[in-house]
Amino acid sequence: MLAAAGLLVTILVATGVTLAVLHYESRTNTQQVNLRSGVTIAEDSAIVQAAARARPAVVSLVTLVTQQQPALSRGSGYLATTDGYIVTSISVIAGAGGMTVLIQNDAKTHEARLIDYDCQTGVAVVKIDKVGGLPTLAFADPTALVQGQRTVAVGGPFDGGSVTPGYVSAMHRVVSVPNPSATTESIELSDVIQTSAPIDAGTAGGPLLNVGGQVIGIAMQSQPSAGIKGFGLNVADVQDDVQQILQTGQVVVSSLGATSTDLSPELASLSGLPAGSQLVNVDKGGPAASAGLQTGDVITQLDDVKLDPAHPLRLLLRSRFHPNQRVTVSYTRAGASTQTQLTLSSQHPSCS
């Protein structure tokens, strides 16, 4: 492992690259545990099989972070196309201006370039060139995700292709991650999966799989200080972003022309406000301003879709609505509820 790290440092230094901005192994045989009470527990072979199928498509991303002292930072990702498009998370690319990719069973290292990312969902797509015929992973059905289902996180070859089983312990969480465009600040991600699987830095950015070997999320590093083992970006939120980036090279989403913050039912109750999304800034001349919306208004519904932890405003604007669409906005101001109509504009997701 140390030799691999030293080799990457040598490669980066020798090529003059300047980078500024930007578990354990599961056994391959079925095991049984005799509890001396006549009960025998069989190891779930589906986990082993899912990891084995996925491992060839999981890569390691190694970056040189130089904000303070130069240091190697590692993470994972997975191949979404046979010609080298890689899905990972913004946490892996934050603080780096270039990346080296390691592929399973490939002695060469590959320089990667960032294609685009979305701070509102936490997903990023990078590309390696001059490759073909690579193995890939596919998204699972986003509507099939349920609390309690088994999961497996798979890391890239730099960490030996680590395999970490677990289960979905909670859904619709809100977590903070580093901002890739301003590394001294953080951003909040909504609708995140919480998993019992402990995710380390090397596995973060790699796929979080179901037992069928399909991607249900993008693994995020554990937060031991918070007593939480690991997270995953929800496939329901990142799938559209990835498809847009693969087809057009960038993410474009519908916009109200306003910045807002989500109010959970608990926070809303404490504040004496309805659950929804409270406007903190309204762009002059934007759709929200033209429709009469003001800072402090709490949006509670778009058309017939109510806002809640499973349907936060920012994610609804990308998954259920599109630019130039006419929508009815239900909102509350000073305790009174009303509605207005506006036409959504388009924008690249902001990291502010």
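Since the model is a prediction, treat every value here as computed from it, not as a measurement.

Novice: Looking at this structure, I do not really get the overall build of the protein. What am I missing?
Specialist: When helices and strands are counted, the protein shows 7 helices and 22 strands. The buried share of the protein, taken over its 352 residues, is 47%. Counting only carbon and sulfur atoms, one obtains 50% of the accessible surface of the protein, whose full area is about 16100 Å².

Novice: When you look at helix 2 (residues 45–54) in this model, what are you seeing that I'm missing?
Specialist: For an α-helix the count is 3.6 residues per turn, leaving residues at separations of three or four pointing the same way. Buried within helix 2 are the following residues: Ile47, Val48, Ala50, Ala51 and Ala54. Buried residues of helix 2, viewed axially, fall in a sector of 165°; they line one side.

Novice: Whenever I open this one, the side chain of Ser260 confuses me. Can you help?
Specialist: Summarising the element assignment, Ser260 is placed in strand 16 (residues 258–263). A polar side-chain atom of Ser260 sits 2.7 Å from a polar atom in the side chain of Ser277. Ignoring any residue separated from it by four or fewer positions in sequence, one finds Ser260 in contact with Ser277, Gln278, Leu279, Val280 and Leu313.

Novice: What is the right way to read the pairing of strand 7 (residues 109–118) from this model?
Specialist: Note on strand geometry: in a regular strand, side chains alternate between the two faces of the sheet. The pairing of strand 6 (residues 99–102) with strand 7 spans 4 bridges and is antiparallel. Across the sheet, Leu102 pairs through a bridge with Thr109, a residue of strand 7. Adjacent in sequence and paired antiparallel, strand 6 and strand 7 are bridged by 6 residues, among which Asn105 carries a positive phi angle near 60°. Bridge count between strand 7 and strand 8 (residues 123–128): 6 bridges; the pairing is antiparallel. Within strand 8, the residue paired with Arg113 across the bridge is Lys127.

Novice: In this structure, what is going on with the pairing of strand 17 (residues 276–282)? I would like to understand it.
Specialist: Relative to strand 17, strand 16 is paired through 6 bridges, and the arrangement is antiparallel. When the sheet's bridge partners are listed, Asp262 is paired in strand 17 with Ser277.

Novice: It is not clear to me how the nonpolar core should be interpreted in this structure. Could you clarify?
Specialist: One broad trend across soluble globular proteins is that nonpolar side chains are buried collectively. Leu61, Ile86, Val101, Leu137, Val152 and Met220 are the most contacted members of the largest nonpolar core, which totals 49 residues. In terms of residue count, the dominant contributor to this core is strand 8 (5 residues). In this structure, Ala288, Leu293, Leu302 and Leu342 belong to the second largest nonpolar core, which totals 19 residues.

Here is what the cut-offs are and how they apply
Residues numbered from 1 in each chain as written. Predicted model: local features only at pLDDT ≥ 70, side-chain atom pairs only at ≥ 80, totals over all residues. Heavy atoms only, no water. Helix = DSSP H or I, 4+ residues; strand = E, 2+ residues; numbered from the N terminus. Buried < 20%, exposed > 50% of the residue type's maximum accessible area, 1.4 Å probe, protein only. Areas by Shrake-Rupley, 256 points an atom, 1.4 Å probe, with all protein chains shown as cover. Arc of directions from axis to C-beta. Polar contact = N/O pair within 3.5 Å; in protein donor to acceptor, adjacent residues only side chain to side chain. Contact = heavy atoms within 4.5 Å. Pairing = 2+ DSSP bridges. Core = buried A, V, L, I, M, F, W, Y, C linked by side-chain atoms within 4.5 Å.

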